[in-house]
Amino acid sequence: MRAMMNVLIVRTSSMGDLIHTWPAITELKTHYPNLRISWLAEENFADIARLHPAVDEVITLAWRRWRKNLLSAATWAEIRAMRRALRATRWELVVDCQGLLKSALPAKLSCAPLTGYDRQSIREPLACLLYDKTHRVDWSLSAVERCRLLLSKVFGYQPEGSPRFGVPAAARPDWLPPGQYAVLLHATSRASKEWPESHWIALGEQLSARHGLQLIIPWGNAAEQQRANRLAAAMPQAMVAPRINLIEACGLLGHARAVIGVDTGLCHLANALNVPLVAIYTDTDPSKTGVVETAWATNLGNIGQCPSVDVVYQALLARKDMQ
């Protein structure tokens, strides 16, 4: 193997998917410290890729924005710029860890050997037509384990032990009040994944009264901000967070005494930072895309199931560092 090899990892979106890739990156770099690892990611999630200390460069694309203006000259100018960026490096290998056409197509623009999952292992088998080599990975495994197995097969080693995300917490945000706090991640992508507001209020009251915790409530859009304001008004010692970026979120979650959240990318970020975490699922199966269960983190609920306040509270008390 040469002194340095350039490898491009492709995982464009969304936040949780990029975070699920971190353990595979950590393990790959452990086995091959001479790799120079770059990452192709959507512009809105590029900071997630940048947070991993083994990632040397992040190349961005903006498919979510481009697809709304495909006839625009500015859009095609940006696509050509992305292609130039991909071809500016001689890649020994490009690995599509996502297995979708939206990831395989830009990966192919690199003009480098491209590998990924085989047609039995991904949601969009057409993507396999663009790969030079494919690998079988059991579809029933969690997203984290599937990515670990893919990279281990591509580079020829065996995954060992529990997943290690390998990302430290960012700096504690200056706007936080002094003292310990819990973060309530109430916002998610659709209403069916939400936990009732009355449940959040009851849980917040217990965390404040029994543990003296300040309650921090983040948000991402106008509707979420309105809900955050309602929750904060109904809870003691509650504060609505200002709008934060992903780097600031890494600091907010990484220094929390506890995190409770629904099916959202920020739960996976808290999971990676080894803080006491309870992830609540009401419309998705956590065995596929839930957080990695550890002494710090656990999943509750499932499709059509809504955990009670007491179940969530007791699960939180059982987490490491909450006893």
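None of the values given here were measured: they were computed from a predicted structure.

Enquirer: Got a sec to walk through helix α5 (residues 101-108)? Specific residues and values, please.
Expert: Of the positions making up α5, those classed as buried are Ser103, Ala104, Pro106 and Ala107. Taken together, the buried residues of α5 touch β1 (5-10), β2 (35-42), β3 (55-61), α4 (73-87), β4 (93-96) and β5 (114-117).

Enquirer: Give me the lowdown on the domain arrangement of the chain, citing residues and values where you can.
Expert: The domains assigned to the chain are domain 1 (5-155) and domain 2 (181-318). Here the C-alpha centre of domain 2 lies 29 Å away from the C-alpha centre of domain 1. Between domain 1 and domain 2, the contact holds 15 residues from the first and 13 residues from the second. Taking both partners together, domain 1 and domain 2 bury about 1100 Å²; carbon and sulfur atoms supply 79% of that area. For the side of domain 1 that touches domain 2, the elements supplying multiple residues, two or more each, are α1 (15-31), α2 (46-51) and α6 (143-155). Ranked by residues supplied to the side of domain 1 that touches domain 2, first place goes to α1 with five residues.

Enquirer: Report on unusual backbone geometry, specifying residues and quantitative values.
Expert: In the segment running from Ser13 into Ser14, the intervening peptide bond is cis, with an omega of -10 degrees. Among the secondary structure elements, Ser14 is positioned in the loop between β1 and α1. Unlike most non-glycine residues, Cys111 shows phi in positive territory, near 60 degrees. Tracing the backbone through its elements, the reader meets Cys111 in the loop between α5 and β5. Looking at Cys111, the relative accessible area reads 59%, which means it is exposed. The backbone of Asp321 sits at a positive phi, close to 75 degrees, despite the residue not being glycine. Position of Asp321 among the secondary structure elements: in the segment after α12 (309-317).

Enquirer: Hey, could you go over the pairing of β5 for me, with residue numbers and the actual values?
Expert: The pairing of β4 with β5 spans two bridges and is parallel. Each residue of the ladder has a partner; that of Val95, found in β5, is Thr115. Taken together, β4, α5 and β5 form a β-α-β motif whose crossover is right-handed. The pairing of β5 with strand β6 (residues 133-135) spans three bridges and is classified as parallel. Looking at β6, one finds that Thr115 is bridged to Lys133.

Enquirer: Lay out the pairing of strand β7 (residues 181-185) in plain terms, naming residues and giving numbers.
Expert: In terms of residue burial, β7 counts as a mostly covered element, since five of its five residues are buried. The side-chain alternation of β7 yields two buried faces, one formed by Tyr181, Val183 and Leu185 and the other by Ala182 and Leu184. Judged from the three bridges that link them, β7 and strand β8 (residues 214-217) form a sheet pairing that is parallel. Bridging across to β8, Tyr181 finds its partner in Gln214. At this point the chain moves from β7, through helix α7 (residues 197-211), to the parallel β8, and the crossover so formed is right-handed. Pairing geometry for β7 and strand β10 (residues 258-261), over four bridges, is parallel. Within β10, the residue paired with Ala182 across the bridge is Ala258.

Conventions and cut-offs
- Residues numbered from 1 in each chain as written.
- Predicted model: local features only at pLDDT ≥ 70, side-chain atom pairs only at ≥ 80, totals over all residues.
- Heavy atoms only, no water.
- Buried < 20%, exposed > 50% of the residue type's maximum accessible area, 1.4 Å probe, protein only.
- Helix = DSSP H or I, 4+ residues; strand = E, 2+ residues; numbered from the N terminus.
- Contact = heavy atoms within 4.5 Å.
- Domains from an automatic or database assignment.
- Buried area = accessible area lost by both parts, 1.4 Å probe.
- Pairing = 2+ DSSP bridges.
- Right-handed = clockwise from strand over helix to strand, strands pointing away.

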